[in-house]
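Each chain, written out:
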Amino acid sequence: MAVYQDFREFLSKLEEEKQLLRIKEEVWPEPDLGAAGRAISNLGEQTPALLFENIAGYRDARIAMNVHGSWPNLAIALGMPKDTPLREQFHEFVRRYQTFPGEVEQRTSAPWQDQVIEKDINLFEIMPLFRLNRGDGGFYIDKACLVSRDPDDPLNDDVQNVGMYRLQVKGPNRIAIQPVPEHDVAVHLAHAEERNEDLPVVITLGNEPIIELVAAMPILYDQSEYRMAAAIQESPYPVIRTQKGLDVPWGAEFVLEGRILSRVREAEGPFGEFTGHYSGGRAMPVIEIDRVSHRTKPIFEHLYLGMPWTEVDFMVGVNTSAPLYVQLKRDFPEVVAVSALYTHGLVVIVSTKRRYGGFAKAVGMRVLSTPHGLGYAKVVIVVDETIDPFNLNQVMWAISTKFNPAGDLMVLPHLSIMPLDPGANPEGMSHKMVIDATTPVPPDKRGHYGQPLDSPQKADVWKVKLDSMIKELTA
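Here's what I pulled together on the structure shown here. (Residues numbered from 1 in each chain as written. Predicted model: local features only at pLDDT ≥ 70, side-chain atom pairs only at ≥ 80, totals over all residues. Heavy atoms only, no water.)

1. Regarding the overall build of the protein chain
Our working rule: Strands here mean DSSP runs of E at least two residues long; helices mean DSSP runs of H or I at least four residues long; both are numbered from the N terminus. Here the radius of gyration uses the C-alpha set of atoms, whereas the globule reference equals 2.2 Å times the residue count to the power 0.38. For every residue, the accessible area obtained with a 1.4 Å probe (protein chains only) is divided by the maximum for its type, and the residue is called buried under 20%, exposed over 50%, and partly exposed between those limits. Contact criterion: two residues are considered in contact whenever any of their non-hydrogen atoms come within 4.5 Å of each other. To measure how exposed things are, a 1.4 Å probe is used in the Shrake-Rupley method; for residues, cover is taken only from the protein chains shown.
In terms of helices and strands, the protein chain carries 15 helices and 21 strands. At 23 Å, the protein chain has a C-alpha radius of gyration in line with the 23 Å of a compact globule built from 475 residues. The burial tally for the protein chain puts 57% of its 475 residues in the buried class. Contacts spanning at least 24 positions in sequence make up 73% of the contacts within the protein chain whose residues lie at least 6 apart. Taken as a whole, the protein chain presents about 20,300 Å² of accessible surface, with 53% of it coming from carbon and sulfur.

2. Side note on the nonpolar core
Applied cut-off: To form a nonpolar core, buried Ala, Val, Leu, Ile, Met, Phe, Trp, Tyr and Cys residues must be joined to one another through side-chain atoms within 4.5 Å.
In this structure, Ile-175 and Ile-287 are the most contacted members of the largest nonpolar core, which totals 133 residues. Leave out the neighbours within four places in its chain, and Ile-175 touches Leu-123, Ile-141, Leu-167, Gln-168, Val-169, Lys-170, Ile-203, Leu-256, Pro-285, Val-286, Ile-287 and Ile-289. Counting residues in each nonpolar core, the second largest holds 13 residues, with Leu-20, Ala-49, Val-67 and Ala-77 among its members.

3. What to know about the sheet that holds strand E3 (residues 62–65)
For clarity, the cut-off: Two strands form a pair only when DSSP identifies at least two bridges running between them. As a rule, the C-alpha atoms of each element are fitted with a line to give its axis, helices using only the stretch in contact, and angles between N-to-C directions run from 0 to 180 degrees.
Within the open sheet, the four strands sit side by side as E1-E2-E3-E16. Their pairing is mixed. Of all the strands in the sheet, the pair left with one neighbour each is strand E1 (20–23) and strand E16 (299–301). Ignoring strand direction, the axes of neighbouring strands in this sheet form an average angle of 20 degrees. Taken together, the three bridges between E3 and E16 define a ladder with parallel strand orientation.

4. Side note on a nonpolar patch on the surface
How we decide: A patch consists of residues exposed above 30% relative accessible area that lack any salt bridge, with like charges linked at up to 9 Å and nonpolar side chains (Val, Leu, Ile, Met, Phe, Trp, Tyr) linked at up to 5 Å. Any carboxyl oxygen of Asp or Glu within 4 Å of a side-chain nitrogen of Lys or Arg constitutes a salt bridge here.
Together, Trp-462, Leu-466, Met-469 and Ile-470 give the surface a local cluster of nonpolar side chains, amounting to about 410 Å² of exposed area. The residue Ile-470 is located in helix H15 (residues 459–474) in this model. For Ile-470, a relative accessible area of 51% corresponds to the exposed category.

5. So, the pattern of salt bridges
In the structure shown here, the tally under the stated rule is 47 salt bridges. Salt-bridge contacts for Asp-6 lead to Arg-295; the nearest nitrogen and oxygen are separated by 3.0 Å. Taken as a pair, Asp-6 in the segment before helix H1 (7–16) and Arg-295 in the loop between strand E15 (282–294) and E16 lie far apart in primary sequence, 289 residues in all. Taking the relative accessible area as the measure of exposure, Arg-295 reaches 13% and is therefore buried. Across the salt bridge formed by Arg-295 and Glu-253, the nearest N and O atoms sit 3.8 Å from each other. A residue pair is termed long-range when its members are at least 10 positions apart, and Arg-295 in the loop between E15 and E16 and Glu-253 in the loop between strand E13 (247–249) and strand E14 (254–268) qualify at 42 residues. Per residue, the accessibility class of Arg-295 equals that of Glu-253, and both read buried. Within the structure, one salt-bridge network assembled from shared partners comprises Lys-170, Arg-174, Asp-198, Lys-244, Arg-259, Glu-266, Glu-288 and Asp-290.

6. A closer look at helix H11 (residues 359–368)
Of all 10 residues in H11, seven are buried, a share of seventy percent or more. Looking only at H11, the buried set comprises Phe-359, Ala-360, Lys-361, Val-363, Gly-364, Val-367 and Leu-368.

7. What to know about the sheet that holds strand E21 (residues 429–437)
Judged by pairing direction, the sheet is mixed, and its five strands sit side by side in the order E17-E18-E19-E21-E20 without closing on themselves. Pairing within the sheet leaves two strands with one partner each, and these edge strands are strand E17 (335–342) and strand E20 (409–416). Direction aside, the axes of adjacent strands within the sheet are offset by 20 degrees on average. As paired strands, strand E19 (residues 379–384) and E21 are joined by five bridges and run parallel to one another. By the bridge assignment, Val-379 is partnered in E21 with Met-433. Across the sheet, H11 touches E17, strand E18 (347–352), E19, E20 and E21, and the angle it forms with E21 is around 150 degrees.

8. A look at the packing of aromatic side chains
What counts, and what does not: Centres within 6.5 Å are what make two rings of Phe, Tyr or Trp a pair, Trp counting through its six-membered ring; a difference in plane orientation under 30 degrees is then read as stacked, over 60 as edge-to-face, and the rest as tilted. Placement of a positive charge over a ring is assigned whenever Lys NZ or Arg CZ falls within 6 Å of the ring centre and within 35 degrees of the normal to the ring plane.
Counted by the stated rule, this structure contains 13 aromatic pairs. Centroid distance Trp-71 to Phe-314: 4.9 Å. Interplanar angle 75 degrees. Geometry classified as edge-to-face. One end of the pair, Trp-71, is in helix H3 (residues 71–77); the other, Phe-314, is in helix H9 (residues 311–315), and 243 residues separate them in sequence. For the pair formed by Trp-71 and Phe-314, the shared burial category is buried. Where Phe-332 meets Phe-359, the ring centres are 5.4 Å apart and the plane angle is 90 degrees; that geometry is what we call edge-to-face. In this pair, Phe-332 sits in the loop between helix H10 (318–331) and E17 while Phe-359 sits in helix H11, placing the two residues 27 residues apart along the sequence. With respect to burial, Phe-332 and Phe-359 carry one shared label: buried. Grouping aromatic residues by their ring pairs yields a cluster made of Trp-71, Trp-309, Phe-314 and Tyr-342. A cation sits over an aromatic face here: Arg-107 above Trp-250, 4.8 Å from the ring centre.

See the structure below:
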């Protein structure tokens with residue numbers, strides 16, 4: 001597969017594949033950039049990345065958006081043809097995921113070391129910061145990787161974390177971070193604060209595409225993101241080790257080194273989130289930045305968030321579905337596929353064979369106990385193995401005809417949910433439910449499913465024939 005050494009190489013590949021749109025006209029940071037991010041998201045599932053090259057008020061600034069914002073762009077990131085169907089991308093991602101762990105390559109220098117700032121750091125001057133939505137409480141960095149180590153196990157590379165969190169720029173060298181309790185950085189911070197110590201972190205922005213996918217994955221605590229990235233790209237993953245022992249992606253545009261201050265909290269938010277609602281304000285930890293490094297004429301990357309679908313839904317869909325599938329299949333070999341594409345996987349759809357009556361409900365409950373399920377999955381829909389969980393028409397048919405609320409609905413009260421869920425009550429807790437939309441098997445004998453309708457003879461032949469004729473008609 002193609003291996004992208006850095007962000008720029010990936011953008012060049014997108015341009016070669018006609019999946020990058022250069023915008024040379026002058027644009028204002030607000031409202032043009034947020035408006036463009038919203039607009040490109042409204043144009044469907046095949047859209048290109050956007051590269052803005054003329055930002056009013058900034059000299060030489062370039063801003064990339066929607067880089068992962070379509071299924072073709074995701075396929076290209078994986079080194080696959082851009083027209084690869086979604087289901088094929090899922091199964092290929094699963095195959096590579098199961099080759100974990102890959103190798104990590106330590107390098108001694110990187111292009112992001114071109115420019116170094118250690119005094120009078122002012123992020124407002126270094127980066128082209130702007131608000132995405134008009135109600136945002138400040139300027140956010142929302143597509144960066146944050147690296148941290150567990151202070152209780154600092155030499156263990158397997159528990160070094162690379163995660164993606166929303167970051168609000170609060171001052172020239174101060175950034176607020178929202179560490180959801182289910183995320184690894186929250187564990188690291190808790191261990192540091194028990195010691196009354198700051199937690200060293202590195203923020204990297206403008207990374208090659210695979211580490212961004214992996215940083216947003218719900219993998220296990222002791223699975224190294226760099227080793228996972230190496231498995232997904234089928235090549236050793238290159239990093240640079242900082243003076244404080246944190247590994248940084250070699251291909252980044254910006255690198256911000258600092259510390260989460262122990263036991264310090266400041267107001268953060270509101271922010272327009274992936275739920276389609278503003279998140280409100282909360283007291284959150286604060287990062288103090290001590291050092292900034294960046295490439296010459298760096299490219300700033302941003303991710304538009306708002307009412308789904310937006311880039312984040314493409315970026316976290318397949319890479320959430322794949323680990324869920326692997327984790328479920330270890331316990332239930334009958335599982336065929338998993339779709340967690342919708343609103344960051346608050347809804348998870350599982351297709352599976354059934355071993356006995358009630359089997360689907362057991363699968364659904366297992367989803368809720370996975371790393372993803374503990375903080376995100378709120379509704380689990382289980383369907384037959386003949387249903388494609390990526391095809392909502394088929395899923396809705398299964399719910400319409402196989403589901404009987406009298407016996408197929410399980411509501412589990414007061415479970416953990418991420419605080420951003422606007423339906424949570426109290427914040428961070430929610431009832432969850434499992435919908436069994438599978439065909440009953442013995443000893444469950446409910447319903448009347450003895451005469452399923454099949455396709456007429458030669459339907460497959462006519463499908464190929466008509467498809468060819470339509471292509472000729474539209475050529």
